Amino acid sequence: MRELVEHVVVGNRFTALLLSGVGRDEARAMLGGDQLGDDPVAAVVDSARHQAEAFASASPEQLVPGPNGDIPAAAFLRFRLVDLVVHAWDLLRGAQLDETLDPLVVDRLLALVKPHLDGMLAYGAYGEGPSGTLPPEAPAQVRLLDWFGRRP
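These notes cover the structure that comes with them. (Residues numbered from 1 in each chain as written. Predicted model: local features only at pLDDT ≥ 70, side-chain atom pairs only at ≥ 80, totals over all residues. Heavy atoms only, no water.)

1. What to know about the overall build of the protein chain
Thought 1: In terms of regular secondary structure, the protein chain is built from seven helices and two strands.
Thought 2: Put simply, the protein chain runs from its N terminus to its C terminus through helices and strands in the order α-α-α-β-β-α-α-α-α.
Thought 3: The C-alpha radius of gyration computed for the protein chain amounts to 16 Å, which stays within 12% of the reference 15 Å derived for 152 residues, consistent with globular compactness.
Thought 4: Viewed in the frame of its principal axes, the protein chain has a C-alpha envelope of about 45 × 35 × 25 Å.
Thought 5: When the 152 residues of the protein chain are sorted by exposure, 39% land in the buried category.
Thought 6: Restricting the contact set of the protein chain to residue pairs at least 6 apart, pairs at least 24 apart contribute 62%.
Thought 7: When the accessible area of the protein chain is evaluated, it comes to approximately 8400 Å², of which 58% is carbon and sulfur surface.
Thought 8: Across the protein chain, the mean location of the 13 positive side-chain charges is 3 Å away from that of the 21 negative side-chain charges. (Helix = DSSP H or I, 4+ residues; strand = E, 2+ residues; numbered from the N terminus. Rg over C-alpha atoms; globule rule 2.2 N^0.38 Å. Buried < 20%, exposed > 50% of the residue type's maximum accessible area, 1.4 Å probe, protein only. Contact = heavy atoms within 4.5 Å. Areas by Shrake-Rupley, 256 points an atom, 1.4 Å probe, with all protein chains shown as cover. Lys, Arg positive; Asp, Glu negative; His and termini not counted. Charge placed at Lys NZ, Arg CZ, Asp CG, Glu CD.)

2. Details of the pattern of salt bridges
Thought 1: Within this structure, the stated rule accounts for eight salt bridges.
Thought 2: Arg 28 is the salt-bridge partner of Asp 25, the closest N and O atoms lying 3.7 Å from each other. Within this pair, Asp 25 and its partner Arg 28 are both found in helix H2 (residues 24-30), separated by three residues, close to a single helical turn.
Thought 3: Here Asp 146 makes a salt bridge to Arg 151, at a shortest N to O gap of 3.1 Å. (Salt bridge = Lys/Arg side-chain N within 4 Å of Asp/Glu carboxyl O.)

3. A short note on the pairing of strand S1 (residues 63-66)
Thought 1: Inspection of the sheet shows S1 paired to strand S2 (residues 69-72) by four bridges, in the antiparallel sense. Counterpart to Pro 65 in the pairing with S2 is Asp 70.
Thought 2: In textbook terms, the turn of a hairpin is the stretch between consecutive antiparallel strands, and for S1 and S2 this stretch comprises two residues. (Pairing = 2+ DSSP bridges.)

4. Some points on the environment of Ala 125
Thought 1: Note on placement: Ala 125 falls in the loop between helix H6 (117-121) and helix H7 (140-147).
Thought 2: The class of Ala 125 is partly exposed, set by a relative accessible area of 44%.
Thought 3: Sequence separation of Ala 125 and Ala 42 is 83 residues, and the distance between their C-alpha atoms is 27 Å.

Structural data, given as structure tokens:
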């Protein structure tokens, strides 16, 4: 679980650095070593706040170094939102807690991502991607997770 929490914190900090103009290689170098310290919760909260502030300060058209070249900050935001919501589910599952995500968050993320799904999947960052086996009436959370390689 600690590795997953650290992955989230590193993603948040990495994003904030990229949005502030730091290059990918330099940002990676800045994030070596333990990113959680003695207080993982504080690390998550602090990194999430910095990421949110960085997105709030960025123009949606600002180019950000993406995994396959520069992409607009708006596209990077979609990538980060999916990452955070899917990893929230991963954490719930790993902790053997109720895996139900906030239905409003799921519905809004589905609507935000659907027009961009093919482009997002082209990043190759979502495991196996959609299974192609879900019925059209599958619940929203199941569809969202399936799109991004999770099989609840």
